[in-house]
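# Tertiary structure, described
Here's the letter readout for the chains.
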Amino acid sequence: MADFKNKVEDFMRGRNGADELGIATLELAVILAIVNIFANNTVIYVLILLLIAYAVFRMVSTDVNRRRKESMAFASKLGPARPWITNPAAALRNARTYKHATCPNCHQRVRVPRGKGHIRITCPRCKQKFDIHS
């Protein structure tokens with residue numbers, strides 16, 4: 001068993017591995033597989049296989065920089081919906097107690113407590129000061 005583990009580690013060295021876009025692709029394939037249990041559609045089945053193949057391709061790809069750019073573009077497209085997709089329960093708890101502000105200079109997201117009124121925030125990245133209403 002240890003020999004197999006070492007071979008897998010050697011194979012994956014220098015490869016992309018599981019990233020956010022690959023995991024989202026697999027999650028979509030699982031959701032479609034559940035839908036296909038009831039729909040029993042060949043087109044959905046082929047789409048599931050293509051999604052799984054794409055996710056595996058991303059994981060074993062040696063062009064790490066290109067896969068990283070693709071993953072970053074995907075993450076930027078999700079934008080504010082990202083926390084709600086990755087962990088909805090934590091996002092709901094967070095939404096009740098905190099508000100998110102965006103720095104006008106560097107676009108860093110800053111979490112501030114709700115209900116404090118008009119406050120001045122200093123961006124942790126660029127040290128720019130800006131005002132918001134929490």
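Right, let's walk through the structure included here. Sequence order as written defines residue numbering, which begins from 1 separately in each chain. Whole-chain, interface and lining totals are the exception, using all residues; otherwise, since this is a predicted model, local features are given only for residues with pLDDT of at least 70 and side-chain atom pairs are given and counted only at 80 or more. Side-chain metrics in this entry use all non-hydrogen atoms of the structure; hydrogen atoms and water are not considered.

## Let's talk about unusual backbone geometry
Selection criterion: For each residue, the accessible area found with a 1.4 Å probe, counting protein chains only, is set against the maximum for its type, and the residue is called buried under 20%, exposed over 50%, and partly exposed in between. Runs of E in the DSSP output that reach at least two residues are strands. Runs of H or I that reach at least four are helices, and both are numbered from the N terminus.
Within the chain, asparagine 40 stands out as a residue other than glycine whose phi angle is a positive 50°. On the accessibility criterion, asparagine 40 (68% relative accessible area) is exposed. One non-glycine residue, lysine 127, lies in the positive phi region at around 65°. Residue placement: lysine 127 occurs in the loop between β3 (118-122) and β4 (129-133).

## Looking at the packing of helix α2 (residues 20-39) against helix α3 (residues 42-60)
Note the threshold: Convention adopted: a line fitted to C-alpha atoms gives each axis, helices being fitted over their contacting stretch, and angles between N-to-C directions are expressed from 0 to 180 degrees. Working rule for angles: under 35 degrees goes down as roughly parallel, over 145 as roughly antiparallel, 65 to 115 as roughly perpendicular, anything else as oblique. The hand of a helix crossing depends on one turn: near helix anticlockwise from the far one by less than a right angle means left-handed, and clockwise means right-handed. In this description, contact between two residues means that some pair of their heavy atoms is separated by no more than 4.5 Å. Under the grouping applied here, Gly and all other residues not named as nonpolar or charged are polar, the nonpolar ones being Ala, Val, Leu, Ile, Met, Phe, Trp, Tyr, Cys and Pro and the charged ones Asp, Glu, Lys and Arg.
Remark: α2 packs on α3, axes separated minimally by 9 Å, with the N-to-C direction vectors making an angle of 160°. Classified by the angle their axes make, α2 and α3 are roughly antiparallel. Both α2 and α3 take part in a crossing whose hand is left-handed. From α2, Leu21, Gly22, Thr25, Leu26, Leu28, Ala29, Leu32, Ala33, Asn36 and Ala39 reach across to α3, where they touch Ile44, Tyr45, Leu47, Ile48, Leu51, Ile52, Tyr54, Ala55, Arg58 and Met59. Across the contact of α2 with α3, the residue classes tally to 16 nonpolar, 3 polar and 1 charged.

## Section: the packing of aromatic side chains
The test is simple: Aromatic rings from Phe, Tyr and Trp, with only the six-membered ring used for Trp, were paired whenever their centres fell within 6.5 Å, and each pair was classed as stacked if the ring planes differed by under 30 degrees, edge-to-face if by over 60, and tilted otherwise. To sit over a ring, a charge needs its Lys NZ or Arg CZ within 6 Å of the ring centre and within 35 degrees of the ring normal.
Across all of its chains, the model carries 1 aromatic pair by this definition. The aromatic ring of phenylalanine 11 is capped on one face by arginine 15, whose charged end is 4.1 Å from the ring centroid.

## A few points about the pattern of salt bridges
Spelled out, the test is: When a carboxyl oxygen of Asp or Glu is within 4 Å of a side-chain nitrogen of Lys or Arg, the pair counts as a salt bridge.
Applying the stated criterion across every chain yields a total of 6 salt bridges. The salt bridge involving arginine 58 is made with aspartate 19; its shortest N-O contact spans 2.4 Å. Highlighted residues: arginine 58 in helix α3 and aspartate 19 in the loop between α1 (2-12) and α2, separated in sequence by 39 residues. The same class applies to arginine 58 and to aspartate 19, which are both buried.

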